[in-house]
Amino acid sequence: MMIRQAAKKALGITSRQLTPCSVGIFRSYHENVIDHYDNPRNVGSFDKNDPTVGTGLVGAPACGDVMKLQIKVDEKTGQIVDARFKTFGCGSAIASSSVATEWVKGKAMEEVLTIKNTEIAKHLSLPPVKLHCSMLAEDAIKAAVKDYKDKRVKTNGA
């Protein structure tokens, strides 16, 4: 966090203005992206060996973004009670992860599988060049649910 703030100060920009992209060109991001980038929700991780935790790890080789999204499920109700993420990538990838964790909390696993990347992209007003970030978030949700279900099969012996 401190490095980001120092870089912005050195460049003479604030978080509510323009954010430099990796090639040095300035691009204006929607306020929702900036909000989730500056104040990401649910950053962190759970113990991947916990039987109530599902982990989705996805990446986009073309841009180098890697996203880990974890869900913690109430075994009795099947509802997602908490979610965490760690993302290595651009601001749009971080914002997409943050939004995804907010949207899955309190929902049933089958319900979160209906969350589409287009909804995340629309909420964040992602430009076409950044749509892969919302696709990663959708894939991470699906992978986390699959991981949880696979663990349940192993522990129940089915």
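For the structure, see preceding data.
Residues numbered from 1 in each chain as written. Predicted model: local features only at pLDDT ≥ 70, side-chain atom pairs only at ≥ 80, totals over all residues. Heavy atoms only, no water.

Novice: Describe the overall build of the chain, and please don't skip the residues or the numbers.
Specialist: Looking only at helices and strands, the chain features six helices and five strands. When the helices and strands of the chain are listed from N to C terminus, the series reads α-β-β-α-β-β-β-α-α-α-α. Taking all 158 residues of the chain together, 41% fall into the buried category. As presented, the chain carries roughly 8,700 Å² of accessible surface, and 57% of it is formed by carbon and sulfur atoms. (Helix = DSSP H or I, 4+ residues; strand = E, 2+ residues; numbered from the N terminus. Buried < 20%, exposed > 50% of the residue type's maximum accessible area, 1.4 Å probe, protein only. Areas by Shrake-Rupley, 256 points an atom, 1.4 Å probe, with all protein chains shown as cover.)

Novice: If you had to explain the environment of E31 to someone new, which residues and values would you point to?
Specialist: On the secondary structure map, E31 appears in helix α2 (residues 31-38). With a relative accessible area of 58%, E31 lands in the exposed category. For E31 and S125, which are 94 residues apart along the polypeptide, the C-alpha to C-alpha distance reads 8.9 Å.

Novice: Provide a residue-level description of the packing of aromatic side chains, including the pertinent values.
Specialist: Counted under the stated rule, the structure contains zero aromatic pairs. The side chain of K72 reaches across the aromatic face of F46, ending 5.4 Å from its centre. (Phe/Tyr/Trp six-rings, centres within 6.5 Å; stacked < 30°, edge-to-face > 60°. Lys NZ or Arg CZ within 6 Å of the ring centre and 35° of its normal.)

Novice: Give a description of the nonpolar core that names residues and reports values.
Specialist: With 29 residues, the main nonpolar core has L69, I71, I80, V104, V112, L124 and I141 as its most contacted residues. Secondary structure elements with two or more residues in this core: α2, β3 (53-60), β4 (65-73), β5 (80-88), α3 (91-104), α4 (109-112), α5 (117-124) and α6 (131-156). Among the elements that make up this core, the one with the highest residue count is α6 (seven residues). Not counting chain neighbours up to four residues away, the residues in contact with I71 comprise F46, T52, V53, G54, I80, D82, A83, V104, A144 and V145. (Core = buried A, V, L, I, M, F, W, Y, C linked by side-chain atoms within 4.5 Å. Contact = heavy atoms within 4.5 Å.)

Novice: How would you summarise α3 if you had to cite specific residues and measurements?
Specialist: In this model α3 runs 20 Å from its N-terminal to its C-terminal C-alpha over 14 residues, within 8% of the 20 Å that 1.5 Å per residue would give. The buried count for α3 comes to twelve of 14 residues, which makes it a mostly enclosed element. Within α3 the residues assigned to the buried category are G91, S92, A93, I94, A95, S96, S97, S98, V99, A100, T101 and V104. In this fold, the buried residues of α3 make contact with α2, β4, β5, α4, α5 and α6. (Expected span 1.5 Å × (residues − 1).)

So far we have only geometry, and geometry alone does not tell us how the molecule works.
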